[in-house]
Amino acid sequence: MLLDIRILIVLGVVMAMVVMSSADAAGANSTPPYMSALEVGVLREMNLARTEPRRYAEFPEERRRYYRGNRFERPGEIAIITQEGVGAVDEAIEFLRRVKPVGALRPSQGLSRAAQDHVRDQGPSGGLGHRGKDGSRMCDRANRYGKWIGKVGENISYGQYDPRDVVIQLIIDDGLRDRGHRDNIFDPAFRVVGVAFGGHSKYRSMCVTTFAAGHDEAVSAA
């Protein structure tokens, strides 16, 4: 009888875990009304990379053939001068093949508004970096629309229009020795994210992703 009870308890725990996992997946794959198609695309690409990294390795691998030394020359596009060339791509592919999958990110309206603030701040002036013209940092912007919990991070991609290109650029992280953008994407402590896409006067486009372990939403605060 005791054994039967234990089996029932274990089965109950497993079923609860499946239900919770399904709920998380549904939240991550939903289409928030406050996000554009491009922003939803970036969210889905990040979640595909996080949950199926070995599969995602196929995408940077197919880009290798367009490298000529440090130049990335994909037909029909303006050539890009990289700092590390195909070596950074190979290193990213190897990372994706060995890294353990992590859970999908859930969209956050408050963090998306924080990311949008930075796009509106930098886009017209052609600014770069994580510091706003008003001196704000990512943690300051995240707290405008709630309160971030645990830890917070931010990625910025410039010059890309396709969601997959945005995410691959950040995973390769050319020229950055610490691969900090890649670390943010695959950090298991990050559970929620905001995404904002917009124009940029120097690089034509920019995409800001603001991550946090959690975020108490207060979207009516601003």
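Look a little higher up for the structure.
All of the points below concern the structure found in this document. Keep in mind the model is a prediction, meaning the values are calculated, not measured.

## Some thoughts on the pattern of salt bridges
Counted according to the given criterion, the structure contains 17 salt bridges. When the shortest N-O distance is used, the salt bridge between arginine 64 and aspartate 90 registers 2.5 Å. One end of the pair, arginine 64, is in the loop between α4 (58–63) and β1 (67–68); the other, aspartate 90, is in helix α5 (residues 86–98), with 26 residues separating them in the sequence. Here arginine 64 falls in the partly exposed class, since its relative accessible area comes to 35%. Classification of aspartate 90 as partly exposed rests on a relative accessible area of 32%. A salt bridge links arginine 71 to glutamate 73; its shortest N-O distance comes to 2.6 Å. Three or more residues joined by partner-sharing salt bridges are found here, namely Arg63, Arg74, Glu77 and Asp165.

## Focus: the pairing of strand β6 (residues 192–200)
The element β6 is extensively covered by neighbouring structure, given that eight of its nine residues are classed as buried. Pairing of strand β4 (residues 106–107) with β6, which is carried by two bridges, proceeds in the parallel orientation. Counterpart to arginine 106 in the pairing with β6 is valine 192. Examined bridge by bridge, β6 and strand β7 (residues 204–217) share nine bridges and lie antiparallel to one another. Opposite glycine 194, over in β7, you have threonine 210 as the bridge partner. Between the end of β6 and the start of β7, which pair antiparallel, lie three residues.

## Some points on the nonpolar core
Ranked by internal contacts, the top residues of the largest apolar core, which has 35 residues, are Val42, Met46, Tyr56, Ile171, Ile185 and Phe186. At the level of secondary structure, the elements contributing two or more residues to this core comprise α2 (37–51), α5, α8 (163–172), α9 (180–186), β6 and β7. Within the second largest apolar cluster, seven residues are counted, among which are Ala115, Ile156, Tyr158 and Ala196.

## Thoughts on unusual backbone geometry
In the Ramachandran plot, aspartate 173 falls in the positive-phi region, its phi being about 55° despite a non-glycine side chain. Relative to the helices and strands, aspartate 173 is located in the loop between α8 and α9. A positive phi angle, close to 75°, is found at arginine 204, a residue other than glycine. Structurally, the position occupied by arginine 204 is in strand β7.

## A closer look at the sheet that holds strand β2 (residues 71–72)
Strand order in this open sheet of three strands is β1-β2-β3, and the pairing throughout is antiparallel. Two strands lie at the open edges of the sheet, namely β1 and β3 (80–81), each paired on one side alone. Where β2 and β3 come together, two bridges link them in antiparallel fashion. Counterpart to arginine 71 in the pairing with β3 is isoleucine 81.

## Things to note about the packing of α2 against α8
The geometry of α2 relative to α8 is characterised by a closest axis approach of 8 Å and an angle of 45° between their N-to-C directions. Looking at the two axes, α2 sits oblique to α8. As α2 packs across α8, the resulting crossing turns out to be right-handed. Every residue of α8 that contacts α2 at Leu38, Gly41, Val42, Glu45, Met46, Leu48 and Ala49 is listed here: Pro163, Arg164, Val166, Val167 and Ile171.

The rules behind these values
Residues numbered from 1 in each chain as written. Predicted model: local features only at pLDDT ≥ 70, side-chain atom pairs only at ≥ 80, totals over all residues. Heavy atoms only, no water. Salt bridge = Lys/Arg side-chain N within 4 Å of Asp/Glu carboxyl O. Helix = DSSP H or I, 4+ residues; strand = E, 2+ residues; numbered from the N terminus. Buried < 20%, exposed > 50% of the residue type's maximum accessible area, 1.4 Å probe, protein only. Pairing = 2+ DSSP bridges. Core = buried A, V, L, I, M, F, W, Y, C linked by side-chain atoms within 4.5 Å. Axes fitted to C-alpha atoms, helices over the stretch in contact; angles between N-to-C directions. Parallel < 35°, antiparallel > 145°, perpendicular 65-115°, else oblique. Left-handed = near helix turned anticlockwise from the far one by under 90°. Contact = heavy atoms within 4.5 Å.

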